[in-house]
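Structural overview for review
Below, each chain spelled out in residue letters.
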Amino acid sequence: MNLLHRKLESDYRDAMGQLLVLYTQVDRLIMEACAERIASAPDEAAKLGLAKQVGDESRHVNIQREWMEKFGTSETPVISEQQEKAILDHFRQLDWLDFLADMYLCVEALGSDAVEQVVPLADPGTKESLRIPLQDELDHIAFGVNRLKQELSHMAPAEREAFLDRIPERIRMLNQSFHGMGLNVKVLFEAVGADYGELCKSVLQRKDEVLKEVSEPLAA
Ligand SMILES: [Fe+2]
Ligand SMILES: [Fe+2]
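Residues numbered from 1 in each chain as written. Chains lettered and ligands numbered in written order. Predicted model: local features only at pLDDT ≥ 70, side-chain atom pairs only at ≥ 80, totals over all residues.

Turning our attention to the overall build of the chain. When its secondary structure is counted, the chain shows 8 helices and 0 strands. The C-alpha radius of gyration computed for the chain amounts to 18 Å, which stays within 12% of the reference 17 Å derived for 220 residues, consistent with globular compactness. A separation of at least 24 residues holds for 83% of the contacts in the chain among residues at least 6 apart in sequence. (Helix = DSSP H or I, 4+ residues; strand = E, 2+ residues; numbered from the N terminus. Rg over C-alpha atoms; globule rule 2.2 N^0.38 Å. Contact = placed C-beta atoms within 7 Å.)

Right under this line is the structure:
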């Protein structure tokens, strides 16, 4: 192995390690935010959906932690305790509809899309560690999207339109706060071999798809 190769290999491991820590921190935060929501969720189906997700996210945290130990990832948190608190505070002050939009359209759907872009570039162990979590995320996105459609179907048309029109701005704000956290995600993604421009394009496309899906009427 020549020097350049060794340097690329060690950059890959450092960056993938940080992305794994970040993904695990986000999953843990989602777990807490969803657990806190159970008590105030509007009905039994919502409570059960959230509770299932809490169990799934806890499983993801365990899978990722086990893998990070084998992979030899530095355990230093990527987002600080204060930032974690700010994220939880954000979710706490949302009403049910905004919670659904921010949690499922933004964090779950767009976050998973970014993780999915990394999978083909990942080493076999990392790939395997993401398999179950990414499968479950599809369930979470489906829960959020269906639930949002259900809530929207009970709203007056003008109110519904106004809510849908506000979603892109909500996503933009959340994305801005995420980028304002001082993480250099571009450098991390590039060090694991991703084309950052393509990755952003894919996430934007996913955003359009998910918005389209939510705005379509509920299937009978
Ligand atoms: Fe997860
Ligand atoms: Fe999830």
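An ideal rise of 1.5 Å per residue puts 44 Å on 30 residues; helix 5 (residues 124–153) measures up with 43 Å between its terminal C-alpha atoms. The principal kink in helix 5, of about 35°, is found at Arg 131, preceding the proline Pro 133 by one to four residues. Within helix 5, burial applies to Thr 126, Ser 129, Leu 130, Pro 133, Glu 137, His 140, Ile 141, Phe 143, Gly 144, Arg 147, Leu 148 and Leu 152. Packed against the buried residues of helix 5 are helix 1 (3–38), helix 2 (44–71), helix 4 (96–118), helix 6 (157–179) and helix 8 (196–215). (Expected span 1.5 Å × (residues − 1). Bend = angle between axes of the 7 residues up to and from the residue. Buried ≥ 20, exposed ≤ 12 C-beta atoms within 10 Å, placed from the backbone.)

Our next topic: the packing of helix 1 against helix 4. Packed helices, taken two at a time, are described by their axes: the angle between them and the distance between them. Packing of helix 1 against helix 4 leaves a shortest axis separation of 12 Å and a crossing angle of 160°. In terms of orientation, helix 1 and helix 4 fall into the roughly antiparallel class. Here the hand of the crossing between helix 1 and helix 4 comes out left-handed. In this structure, helix 1 uses Leu 19, Tyr 23, Val 26, Ile 30, Ala 33 and Arg 37 to contact helix 4, whose residues at the interface are Phe 99, Met 103, Val 107, Gly 111, Val 115 and Val 118. Tallied by class, residues from the contact of helix 1 with helix 4 come to 10 nonpolar, 1 polar and 1 charged. (Axes fitted to C-alpha atoms, helices over the stretch in contact; angles between N-to-C directions. Parallel < 35°, antiparallel > 145°, perpendicular 65-115°, else oblique. Left-handed = near helix turned anticlockwise from the far one by under 90°. Nonpolar A, V, L, I, M, F, W, Y, C, P; charged D, E, K, R; others polar.)

Here we take up the packing of helix 1 against helix 3 (residues 81–92). At their nearest, the axes of helix 1 and helix 3 sit 10 Å apart, and the two run at 35° to each other. Crossing handedness for the pair helix 1 and helix 3: right-handed. Contacts from Gln 25, Leu 29, Glu 32, Ala 33 and Glu 36 in helix 1 reach Glu 84, Ile 87, Leu 88, Phe 91 and Arg 92 in helix 3. Here the residues of the contact of helix 1 with helix 3 sort into 5 nonpolar, 1 polar and 4 charged.

On the secondary structure map, Leu 20 appears in helix 1. Each C-alpha atom of the pair Leu 20 and Val 187 lies 14 Å from the other, and the pair is 167 residues apart in sequence.

Now for the nonpolar core. If you look at the biggest cluster of nonpolar residues, it comprises 37 residues, and the most contacted ones within it are Leu 19, Tyr 104, Leu 105 and Val 192. Sorting the residues of this core by element identifies helix 1, helix 2, helix 4, helix 5, helix 6, helix 7 (185–191) and helix 8 as the ones contributing at least two each. Those residues in contact with Val 192 that lie beyond four places of it in its chain are Tyr 12, Ala 15, Met 16, Leu 19, Val 118 and Leu 121. (Core = buried A, V, L, I, M, F, W, Y, C linked by C-beta atoms within 7 Å.)

Detailed reading of the predicted coordinates is not advisable wherever pLDDT is low. With 99% of its residues at a pLDDT of at least 70, the chain reaches an overall mean of 94. Least confident of the elements in the chain is helix 1, whose mean pLDDT is 93; most confident is helix 2, at 97. (pLDDT = per-residue confidence, 0-100.)

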